[in-house]
Amino acid sequence: RSEEVARLQEQMDAMRREAFAHGLAQAQAAVDGLWSTTVLVLGLLGLALYWWRAAAALAYAGSLLWLRRARGSTARRLAHIFWAAFVMLVLYKTTRWRTQNECLNEEQVKKAWLATHSVMARFLYERISALGGFWMKMGQSLSVNHALPPPYHLQLKQLQDSSPPSPLEDVLATVRAELGAERASQIALDPKPLGVASV
């Protein structure tokens, strides 16, 4: 009897893992689609500016190129934050409009919001991981906030103990800056971290 219960428990666990992996893949595909849509909208906006005023279009294109190359700049971080907030606002407003204006039953409304929350949770996780620092701490705090829908907990809890690692070159540069080149050359670091945390 206990063997049958254990077997059923293993089957249920396998089904949960499979459902989570499937949902994660769908959310990732939707997040990738958000980036393509944003690039398309920015390109169309650039064309509109070009037709309106060539100088404005050139200034716009120049600012985009500058933001792309200025990796650690405050302006790029701010643009990144405002872009993420805008994308999330548009997606939530679109979902709200769709669920209020279309003839959907309660189950379809729940599914629409769950899909939106799943995509936005993955998108938020990726944006927070890219921004790091304060935003990493904010994401860790949000991961334990029970007011948020469950997809956010599933995605943001990865920030607690499975944060994306910093590039080894950045870590070595910090070690050299803190300890000096001579002392840093005596330290051997494994390229694969045992764990990643934000301090």
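Residues numbered from 1 in each chain as written. Predicted model: local features only at pLDDT ≥ 70, side-chain atom pairs only at ≥ 80, totals over all residues. Heavy atoms only, no water.

Novice: Looking at this model, I keep getting lost on the pattern of salt bridges. Mind explaining?
Specialist: Proximity of charged atoms lets side chains of opposite charge pair with each other. A complete count under the given rule lists three salt bridges for this structure. One salt bridge in this structure joins Lys 110 and Glu 106, with 3.7 Å as the shortest N-O distance. Of the two residues, Lys 110 and Glu 106 are both situated in helix 4 (residues 106–131); the distance of four residues between them amounts to about one turn of the helix. For Glu 126, the salt bridge identified is with Arg 122, shortest N-O distance 3.3 Å. Taken together, the positions of Glu 126 and Arg 122, both in helix 4 and four residues apart, correspond to about one turn of that helix. Here Glu 126 and Arg 122 have matching classes, each one buried. (Salt bridge = Lys/Arg side-chain N within 4 Å of Asp/Glu carboxyl O. Helix = DSSP H or I, 4+ residues; strand = E, 2+ residues; numbered from the N terminus. Buried < 20%, exposed > 50% of the residue type's maximum accessible area, 1.4 Å probe, protein only.)

Novice: In this structure, what is going on with the packing of aromatic side chains? I would like to understand it.
Specialist: The geometry of two aromatic rings is summed up by the distance between their centres and the angle between their planes. Following the criterion strictly, the structure yields three aromatic pairs and no others. Ring centres of Trp 83 and Phe 123 lie 5.4 Å apart, and the angle between their planes is 70°; this geometry places the pair in the edge-to-face category. With Trp 83 in helix 3 (residues 74–101) and Phe 123 in helix 4, this pair connects stretches of sequence that are 40 residues apart. An identical accessibility class is assigned to Trp 83 and Phe 123; each is buried. For the ring pair Tyr 92 and Trp 113, a centre distance of 6.1 Å and an interplane angle of 20° mean the geometry is stacked. Here Tyr 92, found in helix 3, pairs with Trp 113, found in helix 4; they are 21 residues apart in sequence, far enough to count as distant. On the accessibility criterion, Tyr 92 (21% relative accessible area) is partly exposed. By relative accessible area, which is 22% here, Trp 113 ends up partly exposed. (Phe/Tyr/Trp six-rings, centres within 6.5 Å; stacked < 30°, edge-to-face > 60°.)

Novice: Would you mind showing me how to read helix 8 (residues 168–179) here?
Specialist: An α-helical turn contains 3.6 residues, so a residue and the one three or four places further along point in the same direction. Under the 1.5 Å per step criterion, the end-to-end length of helix 8 is 16 Å for 12 residues, consistent within 8% with the ideal 16 Å. Backbone geometry just after helix 8 places Gly 180 at a positive phi near 95°. (Expected span 1.5 Å × (residues − 1).)

Novice: What am I meant to see in a nonpolar patch on the surface here?
Specialist: On the surface, Val 171, Leu 179, Ile 187 and Leu 189 cluster together into a nonpolar patch covering about 290 Å² of accessible area. With respect to the secondary-structure elements, Val 171 resides in helix 8. Overall, the relative accessible area of 31% leaves Val 171 in the partly exposed class. (Patch = residues over 30% accessible without salt bridge, like charges linked within 9 Å, V, L, I, M, F, W, Y side chains within 5 Å. Areas by Shrake-Rupley, 256 points an atom, 1.4 Å probe, with all protein chains shown as cover.)

Novice: Is there a simple way to think about the nonpolar core in this case?
Specialist: Side chains that are nonpolar tend, in soluble globular proteins, to be buried together. Met 120, Phe 123, Tyr 152 and Leu 156 are the most contacted members of the largest nonpolar core, which has 17 residues in total. Of all elements in the fold, only helix 1 (2–52), helix 3, helix 4 and helix 6 (150–156) reach the threshold of two or more residues within this core. With seven residues, helix 4 is the largest single contributor of residues to this core. If sequence neighbours within four positions are ignored, Tyr 152 has contacts with Met 88, Tyr 92, His 117, Met 120, Ala 121, Leu 124 and Lys 157. (Core = buried A, V, L, I, M, F, W, Y, C linked by side-chain atoms within 4.5 Å. Contact = heavy atoms within 4.5 Å.)

Novice: It is not clear to me how the side chain of Thr 99 should be interpreted in this structure. Could you clarify?
Specialist: Here Thr 99 lies in helix 3. Setting aside its immediate chain neighbours within four residues, Thr 99 contacts Leu 104, Val 109, Ala 112 and Trp 113.

Novice: Any chance you could explain helix 5 (residues 134–143) here in plain terms?
Specialist: Every buried residue belonging to helix 5 is among Met 136, Gly 139, Gln 140 and Ser 143, and all of these are buried. Down the axis of helix 5, the buried side of the element spans an arc of 100°, and every buried residue falls inside it. Here the buried face of helix 5 lies against helix 4, helix 6 and helix 7 (158–161). (Arc of directions from axis to C-beta.)

Novice: Could you clarify how one ought to interpret the packing of helix 3 against helix 4 in this entry?
Specialist: Helices that pack against each other are described as a pair by the angle of their axes relative to one another and the distance between those axes. For the pair helix 3 and helix 4, interaxial distance at closest approach is 10 Å and the crossing angle is 180°. Here helix 3 lies roughly antiparallel to helix 4, going by the angle between them. Class assignment of the residues belonging to the contact of helix 3 with helix 4 gives a composition of 16 nonpolar, five polar and four charged. (Axes fitted to C-alpha atoms, helices over the stretch in contact; angles between N-to-C directions. Parallel < 35°, antiparallel > 145°, perpendicular 65-115°, else oblique. Nonpolar A, V, L, I, M, F, W, Y, C, P; charged D, E, K, R; others polar.)

Read these as spatial facts, not as claims about activity.
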